[in-house]
Amino acid sequence: MVNSRTKGRAGEQEVARILRDELRLEIRRNWQQQAAEGGSDLTGVPGWAIEIKRGKNIRLNDAWQQACAQALRVTSRPVLIYRFDRQDWMAQVSLYHLRPEMHDHSPCTMALASWCKLVRLELDAAES
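The structure reproduced in this document is the subject of the present report.

Reading the values: the criteria
- Within each chain, residue numbers correspond to sequence positions counted from 1 in written order.
- It should be noted that, the model being predicted, local features are given only for residues of pLDDT at least 70 and side-chain atom pairs only at 80 or more, the latter also being counted only at that level, while totals for whole chains, interfaces and linings use all residues.
- As a rule here, side-chain values come from all non-hydrogen atoms in the structure, and water together with hydrogens is ignored.
- Ring pairs shown here join Phe, Tyr and Trp side chains whose ring centres sit within 6.5 Å, with only the six-membered ring taken for Trp; geometry is labelled stacked below 30 degrees between planes, edge-to-face above 60, and tilted in between.
- Note on conventions: DSSP H or I runs of at least 4 residues are helices, E runs of at least 2 residues are strands, and numbering of each starts at the N terminus.
- Classification of residues uses two cut-offs on accessible area relative to the type maximum, computed with a 1.4 Å probe and protein chains only: under 20% is buried, over 50% is exposed, and between them is partly exposed.
- In this analysis, strands are considered paired if DSSP registers two or more bridges between them.
- Between Lys or Arg on one side and Asp or Glu on the other, a salt bridge is scored when a side-chain nitrogen of the former is within 4 Å of a carboxyl oxygen of the latter.
- To define axes, lines are fitted to C-alpha atoms, for helices over the stretch in contact only, and angles between the resulting N-to-C directions are given on a 0 to 180 degree scale.
- Oblique is the label for any angle not under 35 degrees, not over 145, and not in the 65 to 115 range, which are roughly parallel, roughly antiparallel and roughly perpendicular in turn.
- For any helix crossing, the convention is left-handed if the near helix is rotated counterclockwise from the far helix by under a right angle, and right-handed if that rotation is clockwise.
- In what follows, a contact means two residues having at least one pair of non-hydrogen atoms within 4.5 Å.

**A few points about the packing of aromatic side chains**
Inspection of every chain in the model, using the stated rule, returns two aromatic pairs. Pairing Trp48 with Trp115 gives two aromatic rings, centres 5.4 Å apart and planes at 85 degrees, and the pair type is edge-to-face. Here Trp48 is found in strand E3 (residues 48–55), whereas its partner Trp115 is found in helix H5 (residues 112–127), with 67 residues between them in sequence. No difference in accessibility class separates Trp48 from Trp115, as the two residues are buried. Note on Tyr82 and Phe84: the rings are 5.7 Å apart at their centroids and 75 degrees apart in plane angle, and the pair reads as edge-to-face.

Shown next as C-alpha cells:
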C-alpha cells in the first residue's frame, strides 16, 4: 500500500516538473510553509496560490475550499491542481479569475495544459 504522504509529495514533484517545463519558471515545493502554516504546495507562479491533490478519492469541494483559504492568506488567486488515479492532471480555478466582469465565483475545471497556456499568456502580456 502506498503511503498517502509519499503519494502527495510525488504528485507535487510531478506538477513542479510540468510547470517548470511549460511556464519556464523556477517552481519550488513549499514544504516549509506547508508545515508551519498550511501554505500553498508550490511557489513560483506569480499571482497564483497552488494546491495539489493526487489520489483515488479526492474530495474536490474540500480541496477547493482549502485552496481558496490558502490563496486568501497570501492574496493570490487559487488554483487546485489534481489528478485522480490513472487519469490526467486537471486544474480548477474560479471563473471570476478568468472573467471578472461576470461576477461569478463558480469553480471552473480544465486540463492542466490549458491552465498553463492561460498563465503563459498572462506572463507574456506582463513582459511586453
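Don't stop here, the text continues.
**Observations regarding the pairing of strand E5 (residues 90–94)**
Buried residues dominate E5, accounting for four of its five residues. With antiparallel pairing between neighbouring strands as the criterion, strand E4 (residues 77–84) and E5 make up a hairpin whose turn holds five residues, including Arg86 at a positive phi of roughly 60 degrees. Pairing of E5 with strand E6 (residues 107–111), which is carried by five bridges, proceeds in the antiparallel orientation. Residue pairing in the sheet places Val93 in a bridge with Cys108 of E6.

**Brief notes about unusual backbone geometry**
Backbone geometry places Thr75, a non-glycine residue, at a positive phi of 45 degrees. Structurally, Thr75 can be placed in the loop between helix H3 (60–73) and E4. The residue His103 is not glycine, and still its phi comes out positive at about 55 degrees. Looking at the secondary structure, you find His103 in the loop between helix H4 (95–98) and E6. Given a relative accessible area of 65%, His103 falls into the exposed group.

**Considerations on the pattern of salt bridges**
Considering all chains together, one arrives at eight salt bridges under this definition. A salt bridge links Glu51 to Lys53; the shortest N-O distance between them is 3.2 Å. Residue Asp62 pairs with Arg59 through a salt bridge whose shortest N-O separation is 2.7 Å. In this structure Asp62 comes out as partly exposed when scored by relative accessible area, which is 39%. Given a relative accessible area of 61%, Arg59 falls into the exposed group. Salt bridges linked by common partners bring Arg120, Asp124 and Glu127 together as one network.

**Here's the deal with the packing of helix H1 (residues 4–23) against H5**
Viewed as axis vectors pointing N to C, H1 and H5 meet at an angle of 45 degrees, and their least axial separation amounts to 10 Å. One element, H1, and the other, H5, form an angle in the oblique class. For the crossing formed where H1 meets H5, the hand is right-handed. Counted together, Ile18, Leu19, Glu22 and Leu23 of H1 and Leu112, Trp115, Cys116, Val119, Arg120 and Leu123 of H5 form the full contact between these two elements.

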